[in-house]
Amino acid sequence: MYSPEDRRRAVELFIKYDLSCTSVINELGYPTRGSLYSWYRDCLESGERSFGPGGHRRYSDDQKRAAVDHFFEHGQCIARTVRALGYPRSK
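Caption draft 1: Structural view of the overall build of the protein. Broken down by element type, the protein carries five helices and zero strands. In sequence order, the secondary structure elements of the protein are arranged as α-α-α-α-α. Relative to its full complement of 91 residues, the protein shows a buried share of 22%. Long-range pairs, those at least 24 residues apart, make up 35% of the contacts in the protein with a sequence separation of at least 6. When the accessible area of the protein is evaluated, it comes to approximately 6,600 Å², of which 50% is carbon and sulfur surface.

Shown next as structure tokens:
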């Protein structure tokens, strides 16, 4: 697993090198193409270059609690919970 600093450095180089995975991997020796694209997407989604442990937080603690409560109170169906709360489907 790479530190937040390692991820930040890789994404900054990726941007600097006009989104060239090969150039970044050749210079740093890491990450994989998939990881680099994932870190870059996370950067775009969060609107900042935050690479704390586990990436950025997608949902607040209150949103998570509401989802868990709904799940157990309405028949333990993930699809129904996601639809009811308006959360995007996972890929």
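Caption draft 2: Molecular detail of the environment of L85. As for its placement among the helices and strands, L85 is situated in helix α5 (residues 78-85). Here L85 falls in the partly exposed class, since its relative accessible area comes to 31%. Note: C-alpha distance between L85 and H70 (15 residues apart in sequence) is 8.6 Å.

Caption draft 3: Representation of the packing of aromatic side chains. What the rule picks out here adds up to five aromatic pairs. Look at Y2 and W39: their rings are 5.6 Å apart centre to centre, the planes differ by 80°, and that puts the pair in the edge-to-face class. You can see Y2 sitting in the segment before α1 (4-16) and its partner W39 sitting in helix α3 (residues 33-46), a full 37 residues away along the chain. Y2 gets classed as partly exposed once you look at its relative accessible area, which sits at 34%. On the basis of relative accessible area, W39 is assigned to the buried category, the value being 10%. Between F14 and Y40, the ring centres sit 5.1 Å apart and the planes meet at 75°, which makes this aromatic pair edge-to-face. Of this pair, F14 sits in helix α1 while Y40 sits in helix α3, and the two are 26 residues apart along the sequence. Each of the two residues, F14 as well as Y40, counts as buried.

Caption draft 4: View of helix α4 (residues 61-73). Here α4 is 13 residues long and its end C-alpha atoms lie 18 Å apart, about the 18 Å a rise of 1.5 Å per residue gives. G75 occupies a position one or two residues after α4 and carries a positive phi of about 85°.

Caption draft 5: Structural context of the pattern of salt bridges. Following the criterion strictly, the structure yields one salt bridge and no others. Residue R65 pairs with D69 through a salt bridge whose shortest N-O separation is 3.3 Å. Residue R65 and its partner D69 are located together in helix α4, separated by four residues, close to a single helical turn. R65 sits in the partly exposed class, given a relative accessible area of 48%.

How each quantity is defined
- Throughout, a residue's number is its position along its own chain's written sequence, starting from 1.
- With pLDDT at 70 or above as the cut-off, local features in this predicted model cover only qualifying residues; side-chain atom pairs require 80 or more to be listed or tallied, and sums for whole chains, interfaces and linings still use all residues.
- As a rule here, side-chain values come from all non-hydrogen atoms in the structure, and water together with hydrogens is ignored.
- Strands are runs of DSSP state E lasting at least two residues, helices are runs of H or I lasting at least four, and both sets are numbered from the N terminus onward.
- The buried label applies to any residue whose accessible area, calculated with a 1.4 Å probe on protein chains only, is under 20% of its type's maximum; exposed applies above 50%, and partly exposed to all values in between.
- Working rule for contacts: check all heavy atoms of both residues, and any pair within 4.5 Å makes them a contact.
- Working definition of accessibility: Shrake-Rupley area with a 1.4 Å probe, residue cover restricted to the visible protein chains.
- When two rings of Phe, Tyr or Trp (its six-membered ring) have centres within 6.5 Å they constitute a pair, described as stacked for plane angles under 30 degrees, edge-to-face for angles over 60, and tilted for the intermediate range.
- Expected helix span is given by 1.5 Å per residue-to-residue step, counting one fewer step than there are residues.
- By definition here, a salt bridge exists when the distance from a side-chain nitrogen of Lys or Arg to a carboxyl oxygen of Asp or Glu is within 4 Å.

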